[in-house]
Amino acid sequence: MSTGPGAASAPAPDPHDSPPTSDTRPSDDARPVRKSSMFSSLKVRNYRLFFMGQVVSNIGTWMQRIAQDWLVLSLTGSSAAVGITTALQFLPMLLFGLYGGVLVDRLRKRPALLVTQSSMALTALALAVLTLTGQVQVWHVYVAAFAVGLATVVDNPARQSFVSELVGPRQLQNAVSLNSANFQSARLVGPAVAGILITGVGTGYAFLFNGLSFIAPLTGLLLMRARELHVVERAPRGKGQLREGVRYVTGRPELIWPIVLVGFVGTFAFNFPVYLSAFADDVFHAGAGAYSMFNTLMAVGSVAGALLAARRGTARLRLLIAAAMAFGALEILAATTPTLWMFALLMVPLGLFGMTVNVTTNTSIQMSTDPAMRGRVMALYMMVFLGGSPVGAPIVGWVTDTYGARVGLAAGGAVAAVAAAVIGLILARVGNLRLSVGWHRGHPRVRFVPREQREQLAPAA
């Protein structure tokens, strides 16, 4: 196991994507398999148990997300209130995310996940009781959202870093992509079932299902074989570990700039509970069924994006930049669509490019990070990606309430596209790259190439 700066545990950076940070070449065991079966990591028993448990739990999670947003909108009639709920759920990650990462690096991942998953189950069951008895008020939903956020502070980095202990470095790319496909596949089922329950018997049963769904991942964790885990040395208790994690990330362009990019995207462009509920209710006047349909169609694209990533051998930063720009442009286009069905169809490519951003960032960060630092690095990544919602959701909700859902969605997409373009130029400059414009097999090609290659191509141009 590497205890150095991280290069020995990561794939070598692509010279066209980001600058190398170490002269150390990765070992053969650490290099990702470039071409593998789409479901190769499911051959690992422990990961298979983890994956199956998450299938059930993720369906419940999506059901609760839809029910929670619609319940708040029904109780208040305000998109800003939906934004506040989202903000409260992710506020703990913003405030305590780095401390959660320090804890995760010190703790054994499986016992930590048993505690966090159990606490989220109890929160969902409490909200179900309040809703089914007719006692629920909007502040109850706020408290429940904040409680889930507190558990997420440890649960998210623990789950993210636990994947590498389940499958090892060679299968990490595939396992991370399948995790995303798992989550987004549940998004196909969860919103649809939630829509039926909301319109048929009420939101309380969606909360009840989510609480009971945690039985599956808890059982999977208990059935795992500890001897088959890829053991990672835990960080000892000591002073300055938080600062050490921040220095580790800020000193590596291949880590800090993707995190900055997903910060902008997550804060302003990924606030779909606000955007989609407003389009369903205020723009198209179609109700909860349309809201569920929008989420389901976006999940179709997200699953496609995750499965394509599972077949991909590497996570290139240039793919991240291109996907983020396309994602922002699609949001701007969706904001201008005149009909419900045109808007709904755009949810599919939005989901695909959004998932490409998510998976590419997650995988590239994990594969470029020393295992002993992974908890802190993933906590910083999740803190920026999810913790931006407490800042962005109320702003997006206010813009949506004041200027309309179309302006809100277009503004979020513009932020994502501009941020991707600027950070792409920064990464190109840091990596000593230059823009090359030419022809390849009869087609125009625009790409970044190393300075030396650009200088060789210049006379021919």
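Residues numbered from 1 in each chain as written. Predicted model: local features only at pLDDT ≥ 70, side-chain atom pairs only at ≥ 80, totals over all residues. Heavy atoms only, no water.

Our working definition: UniProt positions are given in the numbering used here, feature names are shortened, and annotations may be inferred rather than shown by experiment.
Looking at an unreviewed UniProt entry, the protein carries the name MFS family permease, with the source organism given as Streptomyces africanus. Word for word, the UniProt comment on the protein under Subcellular location (unreviewed entry) is "Cell membrane".

### Notes on the packing of aromatic side chains
As a reminder of what qualifies: We call Phe, Tyr and Trp rings a pair once their centres come within 6.5 Å, taking the six-membered ring for Trp, and we label the pair stacked below 30 degrees between planes, edge-to-face above 60, and tilted otherwise. The secondary structure listing takes helices from DSSP runs of H or I that are at least 4 residues long and strands from runs of E that are at least 2 residues long, numbered from the N terminus. We call a residue buried when its accessible area falls under 20% of the maximum for its residue type, exposed when it is over 50%, and partly exposed in between, using a 1.4 Å probe and counting protein chains only. Any Lys NZ or Arg CZ found within 6 Å of a ring centre and within 35 degrees of that ring's normal is scored as a charge over the ring.
Per the counting criterion, the structure on display carries 14 aromatic pairs. Ring geometry for F272 against Y275: centres 6.3 Å apart, planes inclined by 75°, an arrangement best described as edge-to-face. Of this pair, F272 and Y275 both sit in helix α10 (residues 272-283), separated by three residues, roughly a single helical turn. One exposure class covers both F272 and Y275, and it is buried. Where F294 meets F343, the ring centres are 4.9 Å apart and the plane angle is 70°; that geometry is what we call edge-to-face. Residue F294 is found in helix α11 (residues 288-311), and its partner F343 is found in helix α13 (residues 340-367); the two are separated by 49 residues along the sequence. The buried category is assigned to F294, whose relative accessible area is 0%. These aromatic residues form a ring-pair network of at least three members: Y47, F50, F51 and F162. Between R65 and the ring centre of W62, over which it is positioned, the NZ or CZ distance is 4.8 Å. Between the NZ or CZ atom of R252 and the centre of the ring of Y248, over which it lies, the distance is 3.9 Å.

### Some thoughts on helix α2 (residues 79-106)
Here is the rule we go by: Helix span, as expected, comes to 1.5 Å for every residue beyond the first. Take the seven residues that end at a residue and the seven that start at it, fit an axis to each, and the angle between those axes is the bend at that residue. Residues adjacent in sequence count toward polar contacts only when both atoms are side-chain atoms; beyond that, a polar contact is any pair of N or O atoms within 3.5 Å, and within protein one must be able to donate a hydrogen and the other to accept it.
For α2, built from 28 residues, the straight-helix expectation of 40 Å at 1.5 Å per residue is met to within 8% by its first-to-last C-alpha distance of 40 Å. The sharpest bend along α2 reaches about 70° and sits at F96. Its side-chain oxygen at 3.2 Å from the backbone nitrogen of A81, S78 defines the N-terminal cap of α2.

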